[in-house]
Amino acid sequence: MWTESIVALDLDTGKLKWYFQVSPHDTHDWDNTTAPILIDKTVNGKPMKLLSQAARNGFFVTLDRATGKHLVVKPYVPLDYYSGLSAKGEPIPIPDKDPTVGGSINIVNATNWEAPAYNQKTGLMYVNAVEGKSIHYLLDTSEHPSGYGGTGAGVGLTTRVLKALDPLTGNPVWTHEYPNVNNAPGTVGSSILTTASNLLITGDDQKNLIVYSADKGKVLWHKELGANESNGLITYMLGGKQWIIAGCGRHSVRVQSSL
């Protein structure tokens, strides 16, 4: 249960204040590893402290982080495995979509642990995601199975996308589709970094570091690095210049952020 939830603890006592289970009855290994982002927004004229997350199961959620009450629970990739939402706002899975011995079709992981980002100036949240299907097999058929999924295989083409989402609606403001050059299985891609100067920096699965405009998603610059970016991107000031550091394979690459 707790690996599938967003959890809030009281810092002074360690006691549970609230939780929101993003993937109830998870049978597809959608443990909730994606980083939640804290956002301060005005909602209906009232300042609110919010929390947003693009989860591995394909749902985007925005919660009141003081109470855990949901404001937004909405798919950010195409989904067909749920029948609706509970009163708590949690997805209701369709049992027929559970893994079977012969295989059951459901989504690939919509995203993973690689860091998303939020830009205060644009008011948008950014996530690298995958749209596509996979066959999920049940490997343990005992009365009390130790787990589900076990293995899977892609179905047809998957599409990798970078999405800019409005945290108050869950709707995409812009989407960049990465070219699937080698017809490869969907990989989520690298972490994301945004800057106050309207830049968004991330990587694709073709060894490129790419810089976009954060507001419109326009590609401003890219460079092949020799390996896919594999760390959390960082930025710092040195010698009066702003630099970006990316880990790529066994190497790190430093580039100046001004374009």
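Please read all numbers here as calculations on a predicted model, not as lab measurements.

**Examining the overall build of the protein chain**
Counting its secondary structure elements, the protein chain contains zero helices and 20 strands. Among the 259 residues that make up the protein chain, the fraction classed as buried is 46%. Within the protein chain, contacts between residues separated by at least 24 positions form 49% of all contacts whose residues are at least 6 apart in sequence. Here the protein chain has roughly 13200 Å² of accessible surface; of this, 53% comes from carbon and sulfur atoms.

**Remarks on the sheet that holds strand S6 (residues 70–75)**
Within a beta sheet, neighbouring strands are joined by backbone hydrogen bonds and run either parallel or antiparallel to one another. Reading across the sheet, the four strands line up as S3-S4-S5-S6 and stay open at both edges, with antiparallel pairing between neighbours. Pairing within the sheet leaves two strands with one partner each, and these edge strands are strand S3 (37–43) and S6. Going from strand to strand, the sheet's axes swing by 25 degrees on average, the running direction of each strand aside. With five bridges joining them, strand S5 (residues 59–64) and S6 adopt antiparallel strand pairing. Bridge assignment links phenylalanine 59 to a residue of S6, and that residue is proline 75.

**Regarding the environment of valine 77**
Mapped onto the elements of the fold, valine 77 is located in the loop between S6 and strand S7 (82–85). As a C-alpha pair, valine 77 and alanine 129 span 52 residues in sequence and 7.9 Å in three-dimensional space. Setting aside residues up to four positions removed in sequence, valine 77 forms contacts with Gly58, Ala110, Ala129, Val130, Glu131 and Lys163.

**Considerations on the sheet that holds strand S14 (residues 193–194)**
With respect to topology, four strands assemble into an open sheet ordered S14-S15-S16-S17, the strand pairing being antiparallel. Strands with a single pairing partner mark the edges of an open sheet, and in this sheet they are S14 and strand S17 (219–224).

**What about the environment of tyrosine 212?**
Within the element layout of this structure, tyrosine 212 appears in strand S16 (residues 208–213). With relative accessibility at 0%, the residue tyrosine 212 sits in the buried group. Sequence-wise, tyrosine 212 and histidine 176 are 36 residues apart; in three dimensions their C-alpha atoms are separated by 9.7 Å. Here tyrosine 212 is in contact with Leu162, His176, Tyr178, Asn198, Leu199, Leu200, Thr202, Gly217, Lys218, Val219 and Leu220, once residues within four sequence places are set aside.

**Quick look at the pattern of salt bridges**
All told, the structure shown has six salt bridges when counted by the stated rule. A salt bridge links aspartate 80 to lysine 133; its shortest N-O distance comes to 3.1 Å. Of this pair, aspartate 80 sits in the loop between S6 and S7 while lysine 133 is found in strand S11 (residues 124–137), placing the two residues 53 residues apart along the sequence. Among the residues examined, lysine 133 registers a relative accessible area of 24% and is labelled partly exposed. A salt bridge links glutamate 131 to lysine 163; the nearest nitrogen and oxygen atoms lie 2.9 Å apart. Of this pair, glutamate 131 sits in strand S11 while lysine 163 sits in strand S12 (residues 151–165); the two residues are 32 residues apart in sequence, bridging distant segments of the chain. Looking at glutamate 131, the relative accessible area reads 23%, which means it is partly exposed. Connected through shared salt-bridge partners, Asp80, Lys97 and Lys133 make up one network.

**Quick look at a nonpolar patch on the surface**
There is a patch of nonpolar side chains on the surface, built from Met1, Trp2, Val7, Leu9 and Leu16 and spanning about 490 Å² of accessible area. Mapped onto the secondary structure, tryptophan 2 falls in the segment before strand S1 (5–9). On the basis of relative accessible area, tryptophan 2 is assigned to the partly exposed category, the value being 47%.

The rules behind the values
- The residue numbering used here restarts from 1 in each chain and proceeds along that chain's sequence as written.
- In view of the model being predicted, local features appear only for residues whose pLDDT reaches at least 70, and side-chain atom pairs are presented and counted only at 80 or more, with totals across whole chains, interfaces and linings using the full set of residues.
- The basis for every side-chain value is the complete set of heavy atoms in the structure, and neither hydrogens nor water enter the calculation.
- Only DSSP runs of H or I covering at least 4 residues are called helices, and only runs of E covering at least 2 are called strands; the numbering of each starts at the N terminus.
- The rule is simple: take the accessible area with a 1.4 Å probe, protein chains only, and divide by the maximum for that residue type; under 20% is buried, over 50% is exposed, in between is partly exposed.
- It only takes one pair of heavy atoms within 4.5 Å for two residues to be counted as in contact.
- In short, Shrake-Rupley with a 1.4 Å probe defines the accessible areas, and a residue's cover is counted only from the protein chains shown.
- Here, strands pair whenever DSSP counts at least two bridges between them.
- Each axis is a line fitted through C-alpha atoms, and for a helix only the stretch in contact is used; angles between axes span 0 to 180 degrees, taken between their N-to-C directions.
- We count a salt bridge whenever a side-chain nitrogen from Lys or Arg sits within 4 Å of a carboxyl oxygen from Asp or Glu.
- Each patch is built from residues lacking any salt bridge and having more than 30% relative accessible area; the joining distance is 9 Å for like charges and 5 Å for nonpolar side chains (Val, Leu, Ile, Met, Phe, Trp, Tyr).

Fair warning: the whole summary comes from geometry, so function is off the table for now.
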